[in-house]
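Take a look at the letters that make up each chain.
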Amino acid sequence: MRTQRLDGSPQGIARAGEILRAGGLVAIPTETVYGLAANALDGSAIQKIYAAKERPGDNPLIAHIGEVSQLAALVKAVPPAAQRLAEAFWPGPLTIILERSGLTAPEMSCGLNTVSVRLPAHPLAQAVIQAAGVPLAAPSANRSGRPSPTCFSHVWEDLNGRVDAILDGGGCPVGVESTVVSLAGERPRLLRPGGVTLAQLESVLGPVEVDPAVLSRLEPGREAPSPGMKYKHYAPQAEVVMADASPEEFAAYVNAQAGEGLYALCFDEAAPLLRVPSLCYGPRFDPEAQARRLFEALHQLDQLGARRVYAQRPSQRGVGLAVYNRLIRAAAFRVERPQTPAVIGLVGPSGAGKSTVARFLARQGFFHLDCDKMTKSAGVYDYNCIKDLREAFGGEVAPDFVLDRQALAQRAFQSPQGVRTLQAITFPRILAEVRRRMEARTGPLLLDAPTLFEAGLDGACRRILAVTAPEAARLARVMARDGLGEAEARLRFRAQPGEDFYTSRADWVVENGPGVELEKRCAALAAELKSGGCL
Ligand code: TXA
Ligand code: MG
């Protein structure tokens, strides 16, 4: 079969519609990944999808519609929860599973009594659905088991000669497949994480169960709620291993490996530390960028002839859960960890309760390294430091080279310039002291550093934990603890980054505040840390 390359012009779209109406296959761009489309009402057209993709016959397909009103005909009933999801996230990267009506071809559902439906946001996908005049079945346009395609050339590589046409719409803005949520059971259940996050789903639905297969290998004998879960997925030719390590640990771990065709698949920040060839898949704290780049990176590894790939473990928060889900499958669930005990960063705005959380975790076995205390550590104020301070602020701050803290504070805190000078002298030494203590660790360490990111200490952290609390609660706590007036406390808050700064970089967020059973939350967290090999 000769595969036609179409573009997004009116002619290209009209041609795509024609092919689809005649029972053919057209690969089309969507905002998630490219899909291989066929008429969802035509069983023989759908069989061609299975053949072209070499897809196992028991793995059902998603029906793509052009308007919310088209959902009702495909399903037995539209429950209020589905209506609310559609209003909140359609058009967009969300697929909803409901009991099927019988309108779509049985081949769509592979014997299940459900059908999955999505209203894509990509203007070309919408235009093609419109031109075809029918709902379209569209699995990802890759050969089964291969990474999903996020641009024309990926589809071409996998499906040239096997489909009637490929519509070139450039890159896919989300980069991973849609979130799949089932509303066909008693409770809403997340079967596949994607561009719509778990938190977003829960904001509309209330609690959503996460199917165990999202994060771990399906247990033998357990039936897959979503048949796609049981198959090998997203795998490039190379053997991929997920390395559960901080950026610094990752670099050390990978640099110590040897072998031909060895590659690192890492966050942008780790690349400069690596001595093996590497591909970046986004900044560490930007899961949307990681999602956009992951499949492209997996494709590139194939082109480079990679044989063994160490991939840096992404966070499981927000869109990170989708990135993790794809990567752990690409790695066939292989995870390796460095032997060194984990460092966990502890961050959050003043007064949120970091110290309380630290005390709980210390009881579970963490060593609590309080960097604030380091500002007073004797190790910092050595001869050279005192010499610098005397030069900057005058001999009175350390008569006979013995530091007079009060005199120093008086001088230094007189002006913002004074504070900057003091910090320029002490910060590098504090940092060195913190690093010394970190290196000397013999067990897991909780790094409680108010300026973790600013000081670059996040690079040493395998996980980051943020503690937050409502501002009123934080204000009350800071005023009571430090004997400040409200104005002073507010001034201190204003000098710090907002809550988002911390939560957007955290693997976990502990929300503290009045009425919160903090001990319970910390116990749950400790259990997770243990199961993740961090404790
Ligand atoms: O973003 C996406 O969803 C892309 C684009 C093209 O829309 N499509 C896509 O389709 O990822 P596919 O076939 O590669 O993945 C669909 C997943 C599979 O894991 C399948 O098993 C599951 O959804 N699925 C489909 N219908 C289902 C059903 N009725 N019950 C349970 N799982 C279902
Ligand atoms: Mg797929």
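Above this text you will find the structure in question.
In this report, we go over the structure that sits alongside the text. (Residues numbered from 1 in each chain as written. Chains lettered and ligands numbered in written order. Predicted model: local features only at pLDDT ≥ 70, side-chain atom pairs only at ≥ 80, totals over all residues. Heavy atoms only, no water.)

Details of the sheet that holds strand β8 (residues 165–167)
Across the sheet, 11 strands lie side by side as β1-β8-β2-β3-β7-β4-β6-β5-β9-β10-β11; this open sheet has mixed pairing. Taken across any chain shown, the strands that pair with only one partner, and hence form the sheet edges, are β1 (4–6) and β11 (209–210). Where strand β2 (residues 26–28) meets strand β3 (residues 35–39), 3 bridges bridge the pair, whose relative direction is antiparallel. Note on β3: the bridge partner recorded for Ala 27 is Leu 36. In the packing of helix α1 (residues 10–21) onto the sheet, the strands contacted are β1, β2, β3, β7 (136–137) and β8, and the crossing angle to β1 comes to about 135 degrees. Most of the contacts of helix α6 (residues 152–159) go to β8, to which it runs at about 165 degrees, and overall it touches β1, β2, β3 and β8. (Pairing = 2+ DSSP bridges. Helix = DSSP H or I, 4+ residues; strand = E, 2+ residues; numbered from the N terminus. Contact = heavy atoms within 4.5 Å. Axes fitted to C-alpha atoms, helices over the stretch in contact; angles between N-to-C directions.)

Examining the packing of α1 against helix α5 (residues 123–132)
Interaxial distance between α1 and α5 falls to 8 Å at its minimum, and their mutual angle equals 50 degrees. The angle between α1 and α5 places the two elements in the oblique class. Where α1 crosses over α5, the two elements pack in a sense that is right-handed. Residues Ile 13, Ala 16, Gly 17, Leu 20 and Arg 21 of α1 lie in contact with α5, whose contacting residues are Leu 124, Ala 127, Val 128, Ala 131 and Ala 132. When the residues that make up the contact of α1 with α5 are grouped by side-chain class, the tally is 8 nonpolar, 1 polar and 1 charged. (Parallel < 35°, antiparallel > 145°, perpendicular 65-115°, else oblique. Left-handed = near helix turned anticlockwise from the far one by under 90°. Nonpolar A, V, L, I, M, F, W, Y, C, P; charged D, E, K, R; others polar.)

Let's talk about the site of ligand 1
Lining the immediate surroundings of ligand 1 are 25 residues, of which Thr 32, Asn 59, His 64, Ser 178 and Gly 228 lie closest. One of the side-chain nitrogen or oxygen atoms of Thr 32 is found 2.6 Å away from an oxygen atom of ligand 1. Burial of ligand 1 by the surrounding chains reaches 96%, relative to a free accessible area of 680 Å². Sorting the residues of the shell around ligand 1 by element identifies β4 (62–64) and β6 (114–118) as the ones contributing at least two each. (Near = heavy atom within 4 Å. Polar contact = N/O pair within 3.5 Å; in protein donor to acceptor, adjacent residues only side chain to side chain. Areas by Shrake-Rupley, 256 points an atom, 1.4 Å probe, with all protein chains shown as cover.)

Some points on the nonpolar core
If you look at the biggest cluster of nonpolar residues, it comprises 48 residues, and the most contacted ones within it are Leu 36, Leu 85, Trp 90, Leu 94 and Leu 201. Among the elements of the structure, β3, α2 (43–53), α3 (71–74), α4 (80–89), β5 (94–99), β6, α6 and α7 (198–205) are those that each provide at least two residues to this core. The leading source of residues in this core is α2, at 5 residues. Setting aside anything within four residues of it in sequence, one finds Trp 90 in contact with Ile 65, Val 68, Leu 71, Leu 85, Ile 96, Val 117, Arg 118 and Leu 119. Residues Leu 389, Phe 393, Ile 425 and Leu 457 belong to the second largest nonpolar core, which totals 32 residues. (Core = buried A, V, L, I, M, F, W, Y, C linked by side-chain atoms within 4.5 Å. Buried < 20%, exposed > 50% of the residue type's maximum accessible area, 1.4 Å probe, protein only.)

Notes on the pairing of strand β12 (residues 239–243)
A large share of β12 lies buried, amounting to 4 of its 5 residues. Relative to strand β15 (residues 308–312), β12 runs parallel, the two being bridged by 5 bridges. By the bridge assignment for β15, Ala 243 is matched with Gln 312. Bridge count for β12 against strand β16 (residues 335–336) is 2 bridges, and the pairing is parallel. Its bridge partner being in β16, Met 242 is matched across the sheet by Val 335.

As for the side chain of Gln 312
Locating Gln 312 in the fold gives a position in strand β15. Note on Gln 312: relative accessible area 1%, which makes it buried. Within polar-contact distance, the side chain of Gln 312 engages the backbone nitrogen of Phe 267 at 2.9 Å. Leaving out residues up to four positions away in the same chain, Gln 312 has contacts with Ala 243, Ala 245, Ser 246, Pro 247, Phe 250, Leu 265, Cys 266, Phe 267, Ala 270, Tyr 281 and Leu 327.

Things to note about the packing of helix α16 (residues 471–482) against helix α17 (residues 486–494)
It is the contact of α16 with α17, at a shortest axis distance of 10 Å, that shows an interaxial angle of 115 degrees. Taken as a pair, α16 and α17 cross one another with a handedness that is right-handed. Contacts between α16 and α17 pair Glu 471, Arg 474, Leu 475, Val 478, Met 479, Arg 481 and Asp 482 from the former with Glu 486, Ala 489, Arg 490, Arg 492 and Phe 493 from the latter.

Notes on the pattern of salt bridges
Side-chain pairs of opposite charge can arise where the charged atoms are in close proximity. Counted according to the given criterion, the structure contains 34 salt bridges. Between Lys 76 and Glu 99 there is a salt bridge, with the nearest N and O atoms lying 3.2 Å from each other. One end of the pair, Lys 76, is in the loop between α3 and α4; the other, Glu 99, is in strand β5, with 23 residues separating them in the sequence. With a closest N to O distance of 3.6 Å, Glu 239 and Arg 334 form a salt bridge. Here the residue Glu 239 occupies a position in strand β12, and Arg 334 occupies one in the loop between α10 (320–330) and β16, the gap between them amounting to 95 residues. Taking the relative accessible area as the measure of exposure, Glu 239 reaches 31% and is therefore partly exposed. Overlapping salt bridges, with partners in common, bring together Arg 146, Glu 157, Asp 158 and Asp 302 in one network. (Salt bridge = Lys/Arg side-chain N within 4 Å of Asp/Glu carboxyl O.)

By themselves, these observations are geometric and do not establish any function.
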